[in-house]
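Residue-level structural notes
Here are the chains, one letter per residue:
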Amino acid sequence: MARFVLLATAGLAALASVVLMVTSTHAEVLPAPLQPIRPAAVAEAPPPKVWVVEKSGPEEIYSNGLRIDNRYVVSHYPRSYLAFPADHRAPPVRRYDPAGIVFHTTESHQAPFEADHNDLLRRIGESLLDYVQRRFAYHFLIDRFGRVYRVVAEGDAADHAGPSLWADSRWLYVNLNRSFLGISFEARTEPGQTESGASPAQVRAAAILTEMLRSRYGIPAANCVTHAQVSVNPANMQVGYHTDWASGFPFEQVGLPNNYAQALPAVWAFGFLASADYRAATGERLAEGVDRAEETVRAGAQAEKSSVPTYRKHLQEGYRQRLSELN
Ligand SMILES: [Zn+2]
């Protein structure tokens, strides 16, 4: 039997005025979290088709101008993961293709980006590649000159995201090392910065790399997000254990909608809390996603006729259940 709840959402009336939520009354299944209203900007436009034009030695050249250097590629373990239906009404499905992309910064030492420092810039970049390779840290690294290196093989998982969560309108993803590709910029991000710390060459490279990966795997734009949006700390149930790209990620220049505006799934789907420290580290754009998620939690509690803390406990129980299904 299903229960239908019509929920008026006055605050977000500009985007949509009514959400239709279906909750299962199955005894052993937890009620599904209330879905947030998605910002209009997140509407999907499929990426253009991108293909390999040439492979010469360790270099691949693509039809959109992307060049990938394979000199540092290393295998880890094959990608295989569970995607959980967001309505909790069916068992998880096993998948092998990446569901999304997480953008990172290396937060590594930076030399001044000037011609006088070419040697130093190159040396730092090379030692960083060694480090990333030893740690299986990312699938791709974009150095400060915009060169794209494949590090962990695309068909393998990489240790880039740690405890982390994301969701789209149909699926919940728990721990993204296996389900999302990791792309890292050789860059540092500062708390609250509004400008991207990346060089223009890096941004251009990220745009064509993202386009190629979205074309190859059919990755939705809404699933291309930053580490700060997905990282969680299960020990204190707070979001944002890692805060790289907490602000300033150039979504639009990378050819994506402003995904900072998306309600944070860690909050609305899994009951995690955004601390004052996290809010301080995020820019205004990500703060919008946090607010939207918290609004959804309040609306979800209202729909269940329970208090916010009780509803949140419910969501957290759902998280632990999903985690145990993974292990
Ligand atoms: Zn990161």
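As a reminder, the structure under discussion sits directly above these lines.
Here we summarise the structure given alongside this text.

We now examine the overall build of the protein. Check the secondary structure of the protein and you find seven helices and 18 strands. Within the protein, the proportion of its 327 residues that are buried is 54%. Residue pairs at least 24 apart in sequence account for 67% of intrachain contacts in the protein once pairs closer than 6 positions are excluded.

Below, the discussion takes up the packing of aromatic side chains. According to the stated counting rule, one finds 11 aromatic pairs in the structure shown. Centre to centre, the rings of Phe251 and Tyr260 are 4.9 Å apart; their planes meet at 85 degrees, and the pair counts as edge-to-face. No difference in accessibility class separates Phe251 from Tyr260, as the two residues are buried. A ring pair is formed by Phe270 and Tyr319, whose centres lie 6.0 Å apart and whose planes are at 80 degrees; its orientation type is edge-to-face.

With 20 residues, helix α6 (residues 284–303) ought to run about 28 Å at 1.5 Å a step, and its terminal C-alpha atoms sit 29 Å apart, in line with that. One or two residues past the end of α6 sits Lys305, with phi positive at roughly 55 degrees.

Here the zinc ion is held by the protein donor atoms His104 (ND1), His227 (ND1) and Asp244 (OD), which lie 2.1 to 2.2 Å from it. Within one chain, the residues serving as donors to the zinc ion are arranged as H-x122-H-x16-D. Highlighted residues: His104 in strand β9 (residues 100–105) and Asp244 in the loop between β18 (238–239) and α4 (265–268), separated in sequence by 140 residues. Take His104 and Asp244: they sit in the same class, and that class is buried.

When its volume is computed, the largest pocket comes out at roughly 330 Å³. Sorting the residues of the lining of the largest pocket by element identifies β9 and α1 (118–135) as the ones contributing at least two each. Of the residues contributing to the lining of the largest pocket, the split by class is six nonpolar, seven polar and four charged. Computed from the structure, the second largest pocket encloses a volume of approximately 200 Å³. Together, 13 residues line the second largest pocket, and Ser80, Val174, Asn175, Arg178 and Leu326 are the ones closest to its centre. Of the residues that constitute the lining of the second largest pocket, the class distribution is six nonpolar, five polar and two charged.

Further remarks concern the packing of α6 against helix α7 (residues 308–326). How two helices pack is summed up by the angle between their axes together with the distance between the axes. Two numbers describe how α6 lies on α7: the axes approach to 9 Å, and their chain directions differ by 100 degrees. Classified by the angle between their axes, α6 and α7 sit roughly perpendicular to one another. In this structure, α6 contributes Val297, Arg298, Gly300 and Ala301 to the contact, and α7 contributes Val308, Tyr311, Arg312 and Leu315. Residue classes in the contact of α6 with α7 are distributed as five nonpolar, one polar and two charged.

What follows covers unusual backbone geometry. The phi torsion at Glu107 lies on the positive side, around 55 degrees, for a residue other than glycine. Structurally, Glu107 can be placed in the loop between β9 and α1. Notably, Trp245 is not glycine yet its phi reads approximately 55 degrees, a positive angle. Secondary-structure assignment places Trp245 in the loop between β18 and α4.

Turning next to the pattern of salt bridges. On inspection of all chains with the given rule, the structure shows 11 salt bridges. One salt bridge in this structure joins Arg67 and Glu59, with 3.2 Å as the shortest N-O distance. Its relative accessible area of 45% is what places Arg67 among the partly exposed residues. The exposure class assigned to Glu59 is partly exposed, which follows from its relative accessible area of 26%.

Let us look at α7. With 19 residues, α7 ought to run about 27 Å at 1.5 Å a step, and its terminal C-alpha atoms sit 27 Å apart, in line with that. The set of residues buried in α7 consists of Tyr311, Leu315, Gln316, Gly318, Tyr319 and Arg322. The buried residues of α7 all sit within an arc of 150 degrees when viewed along its axis, so they share a single face. Packing partners of the buried residues in α7 comprise β7 (81–85), β13 (165–167), β14 (171–174), α4 and α6.

Scoring rules and cut-offs
Residues numbered from 1 in each chain as written. Predicted model: local features only at pLDDT ≥ 70, side-chain atom pairs only at ≥ 80, totals over all residues. Heavy atoms only, no water. Helix = DSSP H or I, 4+ residues; strand = E, 2+ residues; numbered from the N terminus. Buried < 20%, exposed > 50% of the residue type's maximum accessible area, 1.4 Å probe, protein only. Contact = heavy atoms within 4.5 Å. Phe/Tyr/Trp six-rings, centres within 6.5 Å; stacked < 30°, edge-to-face > 60°. Expected span 1.5 Å × (residues − 1). Donors = N, O, S within 2.8 Å, 3.2 Å for Na, K, Ca; no water. 1 Å grid on protein atoms, 1.4 Å probe; cavity = no way out; pocket = protein on both sides within 12 Å on 5 of 7 lines; lining within 4 Å. Points joined across faces, edges and corners; volume = space filled by probe spheres on them. Nonpolar A, V, L, I, M, F, W, Y, C, P; charged D, E, K, R; others polar. Axes fitted to C-alpha atoms, helices over the stretch in contact; angles between N-to-C directions. Parallel < 35°, antiparallel > 145°, perpendicular 65-115°, else oblique. Salt bridge = Lys/Arg side-chain N within 4 Å of Asp/Glu carboxyl O. Arc of directions from axis to C-beta.

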